[in-house]
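Commentary on secondary and tertiary structure
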Amino acid sequence: SSSVPPCVRARGESGPGLPLAGTQAVAAIRWEAMMHVLVVSSDQSLERFLKRDLSSAEFEVLGSDPGPVLIDAARRTRPEIAVIHCGDARRQTAALEQAILRAVRPDVRIILVSSAPSEDDAELVEAGVFYYMPASPPVRLPDVVRAAARSIREESDRQVRQGEMR
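Residues numbered from 1 in each chain as written. Predicted model: local features only at pLDDT ≥ 70, side-chain atom pairs only at ≥ 80, totals over all residues. Heavy atoms only, no water.

**Regarding the sheet that holds strand E3 (residues 35-40)**
The sheet built from five strands is open, its strands ordered E4-E3-E5-E6-E7 with parallel pairing. The sheet is open, and its two edges are formed by strand E4 (59-64) and strand E7 (131-134), each paired on a single side. Direction aside, the axes of adjacent strands within the sheet are offset by 20 degrees on average. Where E3 lies against strand E5 (residues 81-86), four bridges are found, and the strand directions are parallel. Each bridged residue has a counterpart across the sheet, and for valine 37 the counterpart in E5 is isoleucine 81. Its contacts with the sheet place helix H3 (residues 69-77) against E3 and E4, and it is angled at close to 175 degrees to E3. (Pairing = 2+ DSSP bridges. Helix = DSSP H or I, 4+ residues; strand = E, 2+ residues; numbered from the N terminus. Axes fitted to C-alpha atoms, helices over the stretch in contact; angles between N-to-C directions. Contact = heavy atoms within 4.5 Å.)

Structural data, given as structure tokens:
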């Protein structure tokens, strides 16, 4: 039996696309795949804001309450990007949430949004977040999520190029 190589085409383009083989096909599939963004917050307004601003074929924004339900949400969605909303009362919980997300998906890009920025957030940042920002105003957050997505794609492309050189 013959196998047809996967094809890739630019978003919105119709037609047969270009046949790809091996690592190129894997990279193309990753490039075309929708990014899953998991918003961890007890306040659904951040999730609604991101859903409105990132509503496209590129992102699927999902929400999870903090705490034990995050384990199931992380396993179910396996997010590439996570936005953790924290404040004074949630700093210890946010550290645990980072650990849970990394256990499920070690390469997840974590964006930490703090409603009460302070020096106490330094431990959370040192645990390896992609970006740290105050919750107000949230207008930059969609751009930060897009930057995280770009970094994921660039890393994937770099891995593919290294695989082709071998």
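Past the structure itself, the notes keep going.
**Details of the confidence of the model for the protein chain**
In the predicted model, the protein chain carries a mean pLDDT of 79, and 77% of its residues have values of at least 70. Between the elements of the protein chain, mean pLDDT differs from a low of 39, seen in strand E1 (residues 7-8), to a high of 94, seen in E3. Segment residues 1-21: pLDDT under 50, and 25 contacts once partners within four positions in sequence are set aside and those in other chains are kept. Of the regions scoring below 50 in pLDDT, residues 23-31 engages in 14 contacts with residues more than four places distant in sequence or in other chains. (pLDDT = per-residue confidence, 0-100.)

**Digging into the nonpolar core**
Leu50, Phe59, Ile81, Val83, Ile111, Leu141 and Val145 are the most contacted members of the largest nonpolar core, which totals 21 residues. Sort the elements by how many residues they give to this core and helix H6 (residues 141-165) lands first, with six residues. Those residues in contact with leucine 141 that lie beyond four places of it in its chain are Leu46, Phe49, Leu50, Val83, Ile111, Val113 and Met133. (Core = buried A, V, L, I, M, F, W, Y, C linked by side-chain atoms within 4.5 Å. Buried < 20%, exposed > 50% of the residue type's maximum accessible area, 1.4 Å probe, protein only.)

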